[in-house]
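Structural description and commentary
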2 protein chains.
Amino acid sequence: MQEKLKEYARLIVEVGLNIQKGQDLVIACPVDCAYFARLCATAAYELGCREVIMNWNDDYITREKYLKASPEVFDHISPWVKALLNENAKAGSAFLHIRATDPENFKGVDPDRLLRNSKASVEIAEYRERAMSNFFPWCIVSIPIPSWAKKVFPEMSEGEAMEALWQKIFDAVRVADGGDAVSAWQEHLSKIKNRSARLNELHFKALHYTNSIGTDLTVELPENHIWMGGSEFDHKGVEFVANMPTEEVFTAPLKTGVNGTIVASMPLVNNGNVIEGFSMELKDGKIVSVKAEKGEEYLRKAIEVDEGAAYLGEVALVPYDSPIRLANVLFYNTLFDENASCHFAFGNAYPCIEGGQDMSKEQLIEAGLNQSLTHVDFMVGTSDLSIVGIKYDGTKVSVFESGMFVL
Amino acid sequence: MQEKLKEYARLIVEVGLNIQKGQDLVIACPVDCAYFARLCATAAYELGCREVIMNWNDDYITREKYLKASPEVFDHISPWVKALLNENAKAGSAFLHIRATDPENFKGVDPDRLLRNSKASVEIAEYRERAMSNFFPWCIVSIPIPSWAKKVFPEMSEGEAMEALWQKIFDAVRVADGGDAVSAWQEHLSKIKNRSARLNELHFKALHYTNSIGTDLTVELPENHIWMGGSEFDHKGVEFVANMPTEEVFTAPLKTGVNGTIVASMPLVNNGNVIEGFSMELKDGKIVSVKAEKGEEYLRKAIEVDEGAAYLGEVALVPYDSPIRLANVLFYNTLFDENASCHFAFGNAYPCIEGGQDMSKEQLIEAGLNQSLTHVDFMVGTSDLSIVGIKYDGTKVSVFESGMFVL
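So, a few notes on the structure that sits alongside this text. Just so it is clear, the structure is predicted and the values come from calculations on it, not from any experiment.

Counting secondary structure elements, chain A contains 13 helices and 20 strands. In terms of overall dimensions, chain A has a C-alpha envelope of 55 × 50 × 50 Å along the principal axes. Pairs at least 24 apart in sequence give 76% of the contacts found in chain A among residues at least 6 apart. Computed over 39 positive and 58 negative side-chain charges, the separation of the two mean positions in chain A equals 2 Å.

Looking now at the packing of aromatic side chains. All names here are of chain B. What the rule picks out here adds up to 39 aromatic pairs over all chains. Both rings, one in Y209 and one in F344, keep their centres 4.9 Å apart while their planes meet at 50°; by these two values the pair is tilted. Separated by 135 residues along the polypeptide, Y209 in strand β5 (residues 206–210) and F344 in strand β16 (residues 343–347) bring together distant segments of the chain. Arranged with centres 4.6 Å apart and planes meeting at 55°, the rings of F400 and F405 form a pair that is tilted. The buried category is assigned to F405, whose relative accessible area is 18%.

The operation relating chain A to chain B is a screw motion whose rotation component is 180°, with 0.0 Å of axial translation and a residual RMSD of 0.0 Å. Interpreted geometrically, this transformation is the action of a two-fold axis. Residue by residue, 100% of the interface of chain A is reproduced at the interface of chain B, so both copies engage with the same surface.

The next point concerns the pairing of strand β13 (residues 273–283) of chain A. Residues and elements named next belong to chain A. Judged from the four bridges that link them, strand β11 (residues 258–263) and β13 form a sheet pairing that is antiparallel. Bridging from a neighbouring strand, I262 pairs with M280 of β13. Inspection of the sheet shows strand β12 (residues 268–270) paired to β13 by three bridges, in the antiparallel sense. Across the sheet, N270 pairs through a bridge with N273, a residue of β13. Count of turn residues in the β12/β13 antiparallel hairpin: two residues, of which N271 carries a positive phi of about 55°. Sheet topology note: the β13/strand β14 (residues 286–294) ladder contains seven bridges and is antiparallel. Bridge assignment links S279 to a residue of β14, and that residue is K291. Counted along the chain from β13 to the antiparallel partner β14, the turn is two residues long, and its residue D284 has a positive phi close to 50°.

Residues and elements named next belong to chain A. Taking 1.5 Å per residue as the helical rise, helix α9 (residues 181–202) with its 22 residues ought to reach 32 Å, and the 32 Å between its terminal C-alpha atoms agrees with that figure. Burial in α9 covers these residues: A181, V182, W185, H188, L189, I192, S196, L199 and L202. Viewed along the axis of α9, the buried residues span an arc of 155°, placing them on a single side of the element. Exposed side of α9, more than 90 degrees from the buried face: E187, K191, N194 and E201 are the residues found there. Measuring from the side-chain oxygen of the N-cap residue of α9 to the backbone nitrogen of V182 gives 3.1 Å; that N-cap residue is D180. Looking one or two places after α9, you find H203, whose phi comes out positive at around 50°.

All right, on to the environment of E281(B) then. Residue and element names in this part refer to chain B. Within the fold, E281 resides in strand β13 (residues 273–283). Separated by 19 residues in the primary sequence, E281 and I262 have C-alpha atoms spaced 6.5 Å apart. Those residues in contact with E281 that lie beyond four places of it in its chain are G260, T261, K286, I287, V288 and S289. Polar side-chain contacts of E281 include one of 2.9 Å to the side chain of T261.

Residue and element names in this part refer to chain B. With parallel pairing, four strands are arranged side by side in an open sheet as β2-β1-β3-β4. The sheet is open, and its two edges are formed by β2 (51–57) and β4 (138–142), each paired on a single side. Mean inter-strand twist for the sheet, computed between neighbouring axes without regard to direction, equals 15°. One ladder, built from seven bridges, connects strand β1 (residues 24–30) with β2; its direction is parallel. What sits directly across from D24, in β2, is E51.

All names here are of chain B. The sheet built from five strands is open, its strands ordered β7-β10-β15-β16-β17 with antiparallel pairing. Edge strands, defined here as strands with exactly one partner in the open sheet, are β7 (228–229) and β17 (375–379). Sheet strands touched by helix α9 (residues 181–202): β7, β10 (249–251) and β15 (312–317). Its angle to β10, the strand with the most contacts, is close to 40°.

The subject of this paragraph is helix α1 (residues 2–16) of chain B. All names here are of chain B. Its 15 residues give α1 an end-to-end C-alpha distance of 20 Å, which sits within 8% of 21 Å, the value for a rise of 1.5 Å per residue. Residues of α1 that are buried: K4, L5, E7, Y8, A9, L11, I12, V13, V15 and G16. Buried residues along α1 sit in contact with α2 (34–46), β3 (94–99), β4, α8 (158–172), α9 and β9 (239–240).

Y8(A), I27(A), L317(A), Y8(B), I27(B) and L317(B) are the most contacted members of the largest nonpolar core, which totals 280 residues. Residues contacting L317(A), with those up to four places away along its chain left out, are L199(A), Y209(A), W227(A), E247(A), E248(A), V249(A), C342(A), I387(A), V399(A), F400(A) and F405(A).

Before going further, it helps to spend a moment on the pattern of salt bridges. Residue and element names in this part refer to chain A. In total, this model carries 47 salt bridges over all chains according to the counting rule given. R174 is paired through a salt bridge with E247; the nearest N and O atoms lie 3.2 Å apart. Residue R174 is found in the loop between α8 (158–172) and α9, and its partner E247 is found in the loop between β9 (239–240) and β10 (249–251); the two are separated by 73 residues along the sequence. One salt-bridge network, held together by shared partners, links E7, R10, E14 and D180.

Before going further, it helps to spend a moment on empty space enclosed by the protein. Gaps between atoms show up when a probe of the same size as a water molecule is rolled over them. Residue and element names in this part refer to chain A. If you walk through the whole model with that rule in mind, you get two cavities of 30 Å³ or more. Empty space within the second largest cavity amounts to approximately 30 Å³. Taken together, V318, P319, Y320, A340, S341, C342, G381, T382, L385, F400 and G403 form the lining of the second largest cavity. Class assignment for the residues of the lining of the second largest cavity results in seven nonpolar, four polar and no charged.

So, on to the side chain of T382(B). All names here are of chain B. Residue position: T382 is located in the loop between β17 and β18 (386–390). Within the structure, the side chain of T382 is placed 3.0 Å from the side chain of N211, a separation counted as a polar contact. T382 has contacts with N211, I213, S265, Y320 and G403, leaving out every residue within four places of it along the chain.

Once that is clear, we can look at the interface of chain A and chain B. Contact residues are listed per partner, giving 29 residues for chain A and 29 residues for chain B. Roughly 2800 Å² is buried in total at the junction of chain A and chain B, and carbon and sulfur atoms are behind 63% of that figure. The largest share of the area that chain A buries against chain B comes from R38(A), I61(A) and W80(A), three residues that together contribute 24% of it. On the surface where chain A and chain B come into contact, there are eight salt bridges. E72(B) is the salt-bridge partner of R50(A), the closest N and O atoms lying 3.1 Å from each other. If you look at where chain A meets chain B, you find 14 residue pairs in polar contact (both at pLDDT 80 or more). With six residues, the single largest contributor to the side of chain A that touches chain B is helix α2 (residues 34–46) of chain A. Its residues assigned to classes, the side of chain A that touches chain B comprises 16 nonpolar, three polar and 10 charged.

All names here are of chain A. Within the secondary structure, N105 is located in the loop between β3 (94–99) and α5 (111–120). The class of N105 is buried, set by a relative accessible area of 9%. Filtering out sequence-adjacent residues up to four positions away, N105 remains in contact with D59, R63 and G272.

On to the environment of A184(A). Residue position: A184(A) is located in helix α9. Remark: the alpha-carbon pair of A184(A) and T42(A), spanning 142 residues in sequence, is separated by 22 Å.

Conventions we followed
Residues numbered from 1 in each chain as written. Chains lettered and ligands numbered in written order. Predicted model: local features only at pLDDT ≥ 70, side-chain atom pairs only at ≥ 80, totals over all residues. Heavy atoms only, no water. Helix = DSSP H or I, 4+ residues; strand = E, 2+ residues; numbered from the N terminus. Contact = heavy atoms within 4.5 Å. Lys, Arg positive; Asp, Glu negative; His and termini not counted. Charge placed at Lys NZ, Arg CZ, Asp CG, Glu CD. Phe/Tyr/Trp six-rings, centres within 6.5 Å; stacked < 30°, edge-to-face > 60°. Buried < 20%, exposed > 50% of the residue type's maximum accessible area, 1.4 Å probe, protein only. Least-squares fit on C-alpha atoms with pLDDT ≥ 70 in both. Pairing = 2+ DSSP bridges. Expected span 1.5 Å × (residues − 1). Arc of directions from axis to C-beta. Polar contact = N/O pair within 3.5 Å; in protein donor to acceptor, adjacent residues only side chain to side chain. Axes fitted to C-alpha atoms, helices over the stretch in contact; angles between N-to-C directions. Core = buried A, V, L, I, M, F, W, Y, C linked by side-chain atoms within 4.5 Å. Salt bridge = Lys/Arg side-chain N within 4 Å of Asp/Glu carboxyl O. 1 Å grid on protein atoms, 1.4 Å probe; cavity = no way out; pocket = protein on both sides within 12 Å on 5 of 7 lines; lining within 4 Å. Points joined across faces, edges and corners; volume = space filled by probe spheres on them. Nonpolar A, V, L, I, M, F, W, Y, C, P; charged D, E, K, R; others polar. Buried area = accessible area lost by both parts, 1.4 Å probe.

Structure, rendered in structure tokens:
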């Protein structure tokens, strides 16, 4: 186990972040996962990291704050948090996010407090914008904690659930006994690259989604959109992998060019609450109505963060035979669940257009990309999902049939 | 056990910090002690705390940094740490320090890195100066961690050592099964107040220390010095207790009025290293030579931080029958060990003179008080320590005989 943990840590700093000599690394990590942050810190120093800076968090303390702190606290980001994120973003530090949280940590929290806190994130725009445009390398990974493992495997004991979730995670991130995870990832990334290259060649004007649970949606794409996936490049040209695992290829939709109905195919864990059985109608890009069997209030607040929160910002394709999907587990963690399913995000768009990484916010808006303080992925893929690509000359090309890539 | 932990947390926020409605609380805590920080956070919110802000730390990550980070890292305090400390200091937030560390965490670390880091603390002067002058309430407490417990009780198993150290700590902070720690502290604090009141009445010009291990020292006191101890008051007049436990009464020496030899009576743990068997010569206040059987290099660097580091900043009296002394354990933690023994500190003086809390740095220097970036307590009390007070008219009054208060 210790060897696999070390291999996972090495994979993260070498492939996920590709730490360069003299670079700083900011690790966000729950205090209960300190043992893993320590392995990552040591692995980073081995690559010549200048300094590892810890940004610890704790589910309990955070929940206490949301339940008991004074309400005005949620209208601002603390000056020290701003300094930690904005200063390191400007300096080009690498950011590692070790996500491990109780999926229902904010159950019962006043949704208004979550909304106010989301709105306050405008104060860390420097950090957010540089993250979205890949100015610095960043990587999101997860490790199990008991509250999360029990949500995924409720029928197991805590110990069994932890072990089972570790195994699912190791499988998803290609860490195996005696295996070389770094090589496995190089091969995997090149497959994803081929997929996005094929989509870029086809240069679709729009995609039309349909399936039997009610999704019927047309998504226009900006004229100069680019499909991306696998690895990305920071402003110095250093390759990194922003999500581990990652199975998707993705681009940005045309903000005002999305029309129809989306029915979610999996629950969504957003901001410590589970939203289930939901659907939305979109008109000229805007989410004009939402319904949810559970957590509707939290979904409504999530699309109210700002004007752009009610528009889509990401179109991502994941085949129904993705290894994460085949694991046949609902992870209650978007990092995994989005890699089991085609998905969209509402909120901010990544600059997935030609030259987008160097464009100003205004230029990106001009190019038809959505801007928002928020970015929330949600899953729509099903075993019968069909996606038809529509080219500028009206030609139709089947992209997905029965939930699978057919290109 | 859980009940005693809760009682300890309640004692800390009610008596140690005396949290006021609407006040913020900054808790510095090792990640491995999160369970206790959580209890303190909950207890603080019960008193109407506005927001609990966590400043986590980790022995392993910190040691890795001192061993492996780039050297220039130690010349500055990170902007976000400056913001966290300075902004909260200015706002009058309460600061809780949960200290739990391996006494030898920095064994083998280049002493120059520790020195550079101490010098860099000039960048958090705003915080340090407001702490020293009690602008905001602050409180230092400790809880056991395995590495520390094993240093204190090397012959025990880790589990036994943890249990034994918890018991010693509960005894020292007056937390007992079914007892009311808050009332016990009120009684204790009033005893200490009586002791400092008596010393203030006597208004000594100097103290003369002698014992059989070689200490022979005359310490002049500033004309308007004040003996303090037990509780203190922040700038709003709110009473708090800066150290738990606390058994001492203390004042500031006249910076240039200390002459003779000091022989330490206990090891000193400073900055993650143990310094043992040490002595120093002082002339006109300045430490002109030091010797140590172990850790001499670390001691030399500690008094080199700045000009004031080589002068005394605190004179503290603790009888040889203090409960901490009677526990008959070397804690390898100054918070406890200084309350087992008469001690001095080299480095910065608390403003223990009339009106000192409202004086500028320049006025404090003018009044004869030492100023420094550092403040390191070290123990000198023995069972045969004699201290004679010398009044302005030359009268001599015995203050300590055979290590005990005789006033």
